[in-house]
Amino acid sequence: MTGEILFLCHRIPFPPDRGDKIRSYHILKRLAEIAPVHVGCFADDDRDMGFAADMQALTASQCVLKRDRSRTVAGLAGLAKRQPMLVSLFESRELHGWVKRTLSERSISAVMGYSAQMAHFVPELPSGVRFVMDFVDFDSAKYAAYGAAGGGPMGWINRREGRLLLEFERATARRADISAFVSEAEAALFRNASGLDAGQVTAIENGVALDYFDPTAAFDPVERISGPLIVFTGQMDYRPNVEAVESFAHHALPALRSAHPEACFAIVGRNPVPQVEVLRQLPGVIVTGSVPDVRGWLAAADVVVAPLRIARGIQNKVLEAMAMARPVVASPEAAEGIDASNGKHFLIAADPAEEVEKVAALLADPERAQRLGRAARARMEERYRWSETLKDLPDMLFGPQRAHVRAA
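Residues numbered from 1 in each chain as written. Predicted model: local features only at pLDDT ≥ 70, side-chain atom pairs only at ≥ 80, totals over all residues. Heavy atoms only, no water.

Q: Describe the overall build of the protein, listing the residues and the values that go with them.
A: Looking only at helices and strands, the protein has 18 helices and 13 strands in total. Over its C-alpha atoms the protein spans a radius of gyration of 22 Å, differing by no more than 12% from the 22 Å that the globule rule assigns to 408 residues. By its C-alpha atoms, the protein is 65 × 50 × 40 Å across when sized along the principal axes. Counting across all 408 residues of the protein, residues that qualify as buried make up 56%. Considering only contacts in the protein between residues 6 or more positions apart, those separated by 24 or more positions represent 67%. As displayed, the protein offers around 17,100 Å² of accessible surface, 52% of which is attributable to carbon and sulfur atoms. Both charge centroids of the protein, one from 48 positive and one from 51 negative side chains, sit 4 Å from each other. (Helix = DSSP H or I, 4+ residues; strand = E, 2+ residues; numbered from the N terminus. Rg over C-alpha atoms; globule rule 2.2 N^0.38 Å. Buried < 20%, exposed > 50% of the residue type's maximum accessible area, 1.4 Å probe, protein only. Contact = heavy atoms within 4.5 Å. Areas by Shrake-Rupley, 256 points an atom, 1.4 Å probe, with all protein chains shown as cover. Lys, Arg positive; Asp, Glu negative; His and termini not counted. Charge placed at Lys NZ, Arg CZ, Asp CG, Glu CD.)

If you want it as structure tokens, here you go:
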């Protein structure tokens, strides 16, 4: 008989409508199958707060707080405490108190943190209570990359964030029983940076909801345009996504339209920032904003692209497009961590010139594009069911064979 589980998450893990929520939602569902689960999390806005009542069907108790700390306040607090801004942004006395009460009042046998900024809510735990930290991505490496690529004040801020966050990640991993990352590639990078071994740092890979992202499922189609359709999906206020679509719209699409004048590039995703909105002024660019169902756009796509230059872990957008049997052209960064073969299940393009070459080849050979899409769907069915990728969670949380002694 296992005890109960405390799950701490930086964004309400319901519903699965954006990248980080997709993973946290499926983890929450799996946790609820294992034992009663108590969820402490934040909501970004009123829309997110509105999902709290729906999530109660999965939880034994929950604390959902609207996050209202500004970046300015978080930055000043982080400077004063020598704390990463990512952690300072998610400070909350109320959540600290709820965690303390839940640990004292409920028979918690395992605590799972989701994303680095939630680790500081996990106090020193009693003997016998295990701590599993799902970092998801190696976030400090992302900030270090931003810092290396940029100058001026933002370059300094990102370099500082990378240094402090790496210290925080290392300290968290040393006190956790198991630390997890979204791919073995991410886990290996962190093992190298932290000095911890494979028994302490492992991978919990993302999956894909194959019954939902299924080309034969019932969903509303989008109105078909006259020419070839190239699609990108993602949260469009997320910097790597913004940079990806800017690059493709400015550097790859014009060359593709020289051969296919009717070709369109659809940027599909909520909260497009001004840098994305302005792209709709370019010939052939569509900016949809939020859509009720992304599957219609994926099904309509002749090619799906993922030209990210900075990406961590496994990209849900790539898994979903492959599950929908679409041919995908992805950057090496977006393809990293996905157990599939370049040329057989998707195509990899390292820069805009290669993107033009690979996308144009697929547009010119629809039969090849269809074969690539069918192979992609088959690979998702073989390898990326959530039931398979989360199968080790019970052992991580409660199984003595996965335990190690926490570092002092």
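Picking up where we left off.
Q: Help me get a handle on helix α9 (residues 184-194), residues and values and all.
A: Those residues of α9 lying buried are E186, A187, F190, R191 and S194. All buried residues of α9 fall inside an arc of 135 degrees around its axis, so they share one side. Those residues of α9 hidden inside the fold are in contact with α8 (152-175), β6 (178-181) and β7 (201-203). Within two residues after α9, G195 carries a phi angle of roughly 80 degrees, on the positive side. (Arc of directions from axis to C-beta.)

Q: Run through a nonpolar patch on the surface, naming residues and quoting values.
A: A cluster of nonpolar side chains, contributed by L79, M154, W156 and I157, occupies part of the molecular surface with about 410 Å² of accessible area. Ranked by the residues each element gives to the nonpolar patch, the list is headed by α8, at three residues. Its location among the elements puts W156 in helix α8. The class of W156 is partly exposed, set by a relative accessible area of 44%. (Patch = residues over 30% accessible without salt bridge, like charges linked within 9 Å, V, L, I, M, F, W, Y side chains within 5 Å. Salt bridge = Lys/Arg side-chain N within 4 Å of Asp/Glu carboxyl O.)

Q: Got a sec to walk through the sheet that holds strand β13 (residues 347-348)? Specific residues and values, please.
A: If you trace the six strands from one edge of the open sheet to the other, you get β10-β9-β8-β11-β12-β13, paired in parallel fashion. Taken across any chain shown, the strands that pair with only one partner, and hence form the sheet edges, are β10 (285-289) and β13. As defined by bridge partners, strand β11 (residues 303-306) adjoins strand β12 (residues 328-330) across three bridges and the pair is classed as parallel. Paired with A306 across the two strands is A330, which belongs to β12. (Pairing = 2+ DSSP bridges.)

Q: Can you break down the sheet that holds strand β4 (residues 108-114) residue by residue, with the values?
A: Spatially, β3-β2-β1-β4-β5-β6-β7 is the arrangement adopted by the seven strands of the open sheet, whose pairing is parallel. Two strands close off the open sheet at either side, each with one partner strand: β3 (61-66) and β7. Direction aside, neighbouring strands of the sheet carry axes that sit 20 degrees apart on average. The pairing of strand β1 (residues 4-9) with strand β2 (residues 37-43) spans five bridges and is classified as parallel. Following the sheet pairing, I5 is matched in β2 by V37. (Axes fitted to C-alpha atoms, helices over the stretch in contact; angles between N-to-C directions.)

Q: Mind laying out the packing of α8 against α9, listing which residues take part and the relevant values?
A: Working note: a packed helix pair is described by the angle between its axes plus the distance between those axes. As a packed pair, α8 and α9 sit with axes 11 Å apart at the nearest point and diverge in direction by 90 degrees. Taken together, the axes of α8 and α9 are roughly perpendicular relative to one another. Packed against α8, whose contacting residues are L166, E169, R170 and A173, the element α9 presents F190, A193 and S194 at the interface. For the contact of α8 with α9, the per-class residue count stands at four nonpolar, one polar and two charged. (Parallel < 35°, antiparallel > 145°, perpendicular 65-115°, else oblique. Nonpolar A, V, L, I, M, F, W, Y, C, P; charged D, E, K, R; others polar.)

Q: Could you give an account of the packing of aromatic side chains, with specific residues and numbers?
A: Given two aromatic rings, their pairing is described by the distance between the two centres and the angle made by the two planes. In this structure the tally under the stated criterion is 13 aromatic pairs. The interplanar angle of 75 degrees and the centroid separation of 6.3 Å between the aromatic rings of F7 and Y114 together place this pair among those described as edge-to-face. On the criterion of sequence distance, the pair formed by F7 in strand β1 and Y114 in strand β4 is long-range, its members being 107 residues apart. With respect to burial, F7 and Y114 carry one shared label: buried. Ring centres 4.6 Å apart and planes at 50 degrees place the aromatic pair F248 and F265 in the tilted group. A residue pair is termed long-range when its members are at least 10 positions apart, and F248 in helix α10 (residues 239-259) and F265 in strand β9 (residues 264-268) qualify at 17 residues. (Phe/Tyr/Trp six-rings, centres within 6.5 Å; stacked < 30°, edge-to-face > 60°.)

Q: Provide a residue-level description of the environment of P221, including the pertinent values.
A: For P221, the position within the fold is in the loop between β7 and β8 (229-233). Once the C-alpha coordinates of P221 and A198 are considered, the two residues, 23 residues apart in sequence, prove to be 45 Å apart.

Q: Quick one: what's the story with the environment of R130, residue by residue and with numbers?
A: Locating R130 in the fold gives a position in strand β5 (residues 130-136). When the C-alpha positions of R130 and K29 are compared, they lie 19 Å apart, and in sequence the two are 101 residues distant. Of note is the side chain of R130, whose polar atom sits 3.3 Å from the backbone oxygen of L397. (Polar contact = N/O pair within 3.5 Å; in protein donor to acceptor, adjacent residues only side chain to side chain.)

Q: With reference to specific residues and values, describe the nonpolar core.
A: By size, the foremost hydrophobic cluster in this structure holds 98 residues, and its most contacted members are F7, L31, M112, F265, I267, V305 and L393. No other element matches α10, which puts eight residues into this core. For F265, the contacting residues outside a window of four places in its chain are I230, V231, F232, V245, F248, A249, L253, G284, V285, I286 and V305. (Core = buried A, V, L, I, M, F, W, Y, C linked by side-chain atoms within 4.5 Å.)

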